[in-house]
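# Remarks on the overall topology
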Amino acid sequence: MWNAAEVRRDFPILERRVYEKPLIYLDSGATAQKPACVIETVDRLHREWNANIHRGVHYLSEEVTTMYEAARERIARYIGAAAKEEIVFTAGATASLNTVAYAWGERFVGAGDNIVVSEMEHHSNIIPWQLLAERKGAELRVLPFDDEGRLMTEKLDGLLDGRTRVVAVTQVSNTLGTRPDLEYVIARAHRAGAIVVVDGCQGVVHGGVDVARLDCDFYAFSGHKLYGPTGVGVLYGKRALLEEMPPFLSGGDMVDRVSFAKTTFAPVPLKFEAGTSNFIGAIGLGEAVRYLERFDSAEIEAHETALLVRATEELQRIPGLRIYGTAPGKCAIVSFNVEGVHPYDLGMILDKLGIAVRTGHHCAEPVMTHYGVTGMCRASFALYNTPEEVDALAAGVERAVRMLR
Ligand code: PLP
């Protein structure tokens, strides 16, 4: 049985009060709170280990380089990568996805090719592909979802052809909570000769991933959503693909030999880690993974699903409230609107009650367009949330709606 009260003690910020009320943090989908061990690791790194990695023979540099590479190894194991060389540290998921779109895309996408993206993607898994298509004279094709929020994978074959180079799809929608059938998408895309780029930002947190078993080609996520520091992320790529892909950013640290006539590059993954990388963030992310490994991931998932079920039941009782995204197997994200109430107004009243939810388009404007709305309220749950917080959300929404109407 999951003990949320005990887990909460690991997260110092959850003791905070806002407007003299206990903080009820239901915005972990935007960024998750950090356990004390991550905060302390980052603090100790600055106090005791700060030295640039991969550059010095001196004691501190060697020590911190070892820690950085150990974090890479831990993260590789955590997501099921075949080798640590398949893990590139980036500034976050957005940087990871742009790296693929620029580096792989520049070399392997040309005029007349096409790229398939799903309608439920976050902007960071749409715009890099849209810009690539514009640069190259390629076509962007969209795989739609239905009103339940289910990705219509039965339409995928109709979009794929011999000129499809990339299929970009999320593991979990940050707005609808939907988990598309990735195994199916990947198998069909591969059969058509396309690579599959998976946005794992929410998926790595809710249920995790085994990239080797999934057989995706690239997988991107951000550290800050996985209880780690901000400003660090991961790009997983199959080794052969990383090796044939040219560098994206260039400069220090990513080279083998440099002369004015010709530069050769460091082996993967360093070829993609130009400049001083966020080594403190990467080691902090390794610590977040070490923290998560203490738990049974199935127990975390069961806890989050119970919160989702409770929230869905309670919110649905409120007259005029509509939940967006009701696909079977969805994860612990609930987006909703109440008839006649603006989501910003609702979010602001909830805030005054100490309840932090997300309001707006959630960087997924095509999802808003699908439902003909400009924004939604979103509650997203994490391992530290409790049933009492779910009840407070439902009571808060009811109260806010009464006031606003
Ligand atoms: N993809 C999804 C599904 C997300 O939820 C987010 C962040 O909200 C991103 C991508 C972008 O992540 P970041 O801003 O950390 O690069």
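Residues numbered from 1 in each chain as written. Predicted model: local features only at pLDDT ≥ 70, side-chain atom pairs only at ≥ 80, totals over all residues. Heavy atoms only, no water.

### A few points about the side chain of asparagine 174
Relative to the assigned elements, asparagine 174 resides in the loop between β7 (164-170) and α7 (182-191). Separated by 2.9 Å, the side chain of asparagine 174 and the backbone oxygen of histidine 362 make a polar contact. Beyond its immediate chain neighbours, meaning those up to four positions away, asparagine 174 contacts His122, Gln202, Ile333, His362, Ala364 and Arg378. (Helix = DSSP H or I, 4+ residues; strand = E, 2+ residues; numbered from the N terminus. Polar contact = N/O pair within 3.5 Å; in protein donor to acceptor, adjacent residues only side chain to side chain. Contact = heavy atoms within 4.5 Å.)

### Side note on helix α3 (residues 59-78)
Residues three or four positions apart in an α-helix share a direction because the helix packs 3.6 residues into each turn. For α3, with 20 residues, the first-to-last C-alpha span of 29 Å sits near the 28 Å given by 1.5 Å per residue. If you follow the buried residues of α3, they end up packed against α2 (36-49), β4 (87-90), β9 (218-222), β10 (233-237) and α10 (279-292). Downstream of α3 by a residue or two, glycine 80 has a phi angle that is positive, lying close to 80°. (Expected span 1.5 Å × (residues − 1).)

### Quick look at helix α11 (residues 297-316)
Here α11 contains 20 residues, and its C-alpha end-to-end distance of 28 Å stays within 8% of the 28 Å for a straight helix at 1.5 Å per residue. On its buried face, α11 sits against α1 (4-8), α10, β13 (321-324), β14 (333-338) and α14 (387-404). For α11, the N-terminal capping position is held by aspartate 296, with its side-chain oxygen 2.9 Å away from the main-chain nitrogen of alanine 298.

### Quick word on the nonpolar core
Residues Ile79, Tyr219, Phe221, Tyr227, Val367, Leu383 and Tyr384 are the most contacted members of the largest nonpolar core, which totals 74 residues. Element by element, the count of residues in this core is highest for α10, at nine residues. For phenylalanine 221, the residues in contact, after removing those within four places along its chain, are Ile75, Ile79, Gly92, Ala93, Ser96, Gly200, Cys201, Val204, Leu226, Gly233, Val234 and Leu285. One finds Ile318, Leu321, Phe336 and Val390 within the second-largest nonpolar core, a separate group that totals 29 residues. (Core = buried A, V, L, I, M, F, W, Y, C linked by side-chain atoms within 4.5 Å. Buried < 20%, exposed > 50% of the residue type's maximum accessible area, 1.4 Å probe, protein only.)

### Details of the site of the ligand
Taken together, Ala93, Thr94, His122, Ser124, Asn174, Asp199, Cys201, Gln202, Ser222, His224 and Lys225 form the complete shell of residues around the ligand. Side-chain polar atom of lysine 225 to an oxygen atom of the ligand: 2.5 Å apart, as the coordinates give it. Contact with the protein chains removes 84% of the 390 Å² of surface that the ligand exposes when unbound. For the shell around the ligand, the per-class residue count stands at two nonpolar, seven polar and two charged. (Near = heavy atom within 4 Å. Areas by Shrake-Rupley, 256 points an atom, 1.4 Å probe, with all protein chains shown as cover. Nonpolar A, V, L, I, M, F, W, Y, C, P; charged D, E, K, R; others polar.)

### Here's the deal with the domain arrangement of the protein
For the protein, the assigned domains are domain 1 (4-30 + 297-404) and domain 2 (40-292). The centre of domain 1, based on its C-alpha atoms, is set 28 Å off from the matching centre of domain 2. At the interface, 36 residues of domain 1 touch 28 residues of domain 2. Carbon and sulfur atoms supply 53% of the area that domain 1 and domain 2 bury against each other, a total of about 2500 Å² over both sides. Put simply, glutamate 301 and arginine 179 hold a salt bridge, and the shortest N to O gap is 3.3 Å. On the surface where domain 1 and domain 2 come into contact, there are 20 residue pairs in polar contact (both at pLDDT 80 or more). Going through the elements one at a time, α11, β13, β14, α13 (365-371) and β17 (376-380) are the ones with two or more residues in the side of domain 1 that touches domain 2. Of all the elements, α13 adds the most residues to the side of domain 1 that touches domain 2, at six residues. (Domains from an automatic or database assignment. Buried area = accessible area lost by both parts, 1.4 Å probe. Salt bridge = Lys/Arg side-chain N within 4 Å of Asp/Glu carboxyl O.)

### What to know about the sheet that holds strand β6 (residues 139-143)
Spatial ordering of the open sheet is given by β4-β10-β9-β8-β7-β5-β6, a layout of seven strands whose pairing is mixed. The open sheet has two edge strands, β4 and β6, and neither has a second partner. Across the sheet, the mean angle separating the axes of adjacent strands is 20° when strand polarity is ignored. Sheet topology places β7 next to strand β8 (residues 195-199); five bridges connect them, and they run parallel. Bridge pairing in β8 links valine 166 to isoleucine 195. Packed on one face of the sheet, helix α5 (residues 127-136) meets β5 (114-118), β6, β7 and β8 and runs near 160° to β5. (Pairing = 2+ DSSP bridges. Axes fitted to C-alpha atoms, helices over the stretch in contact; angles between N-to-C directions.)

### Comments concerning a positive patch on the surface
A cluster of like positive charges, contributed by Arg17, Lys21, Arg399 and Arg402, occupies part of the molecular surface. Mapped onto the elements of the fold, arginine 402 is located in helix α14. (Patch = residues over 30% accessible without salt bridge, like charges linked within 9 Å, V, L, I, M, F, W, Y side chains within 5 Å. Lys, Arg positive; Asp, Glu negative; His and termini not counted. Charge placed at Lys NZ, Arg CZ, Asp CG, Glu CD.)

### Some points on the state of the cysteines
Cysteine pairs can be covalently joined through their sulfur atoms, and such a bond is termed a disulfide. This model, assessed by the stated rule, comprises zero disulfides. Considering cysteine sulfurs only, cysteine 363 is the nearest to cysteine 201, which forms no disulfide, with 11 Å between them. (Disulfide = S-S within 2.5 Å.)

### What to know about the sheet that holds β13
Strand pairing in a sheet is mediated by backbone hydrogen bonds. Such pairs are either parallel or antiparallel. The antiparallel open sheet is built from four strands, whose spatial order is β13-β14-β17-β16. Of all the strands in the sheet, just β13 and β16 (358-360) have a single pairing partner and so form its edges. Pairs of neighbouring strands in the sheet enclose a mean axial angle of 30°, with direction left out of account. By the bridge criterion, four bridges tie β13 to β14 in an arrangement that is antiparallel. Bridging across to β14, isoleucine 323 finds its partner in phenylalanine 336. The sheet contacts of α11 involve β13 and β14, and relative to β14 the element is tilted by about 10°.

### So, the confidence of the model for the protein
Residues at a pLDDT of 70 or more form 100% of the protein, whose mean pLDDT is 97. Summarising per-element confidence for the protein, the mean pLDDT is lowest in strand β11 (residues 255-258) (94) and highest in β9 (99). (pLDDT = per-residue confidence, 0-100.)

### Considerations on the side chain of serine 96
Structurally, the position occupied by serine 96 is in helix α4 (residues 93-108). For serine 96, a relative accessible area of 0% corresponds to the buried category. Not counting chain neighbours up to four residues away, the residues in contact with serine 96 comprise Thr90, Ala220, Phe221, Val234 and Leu235.

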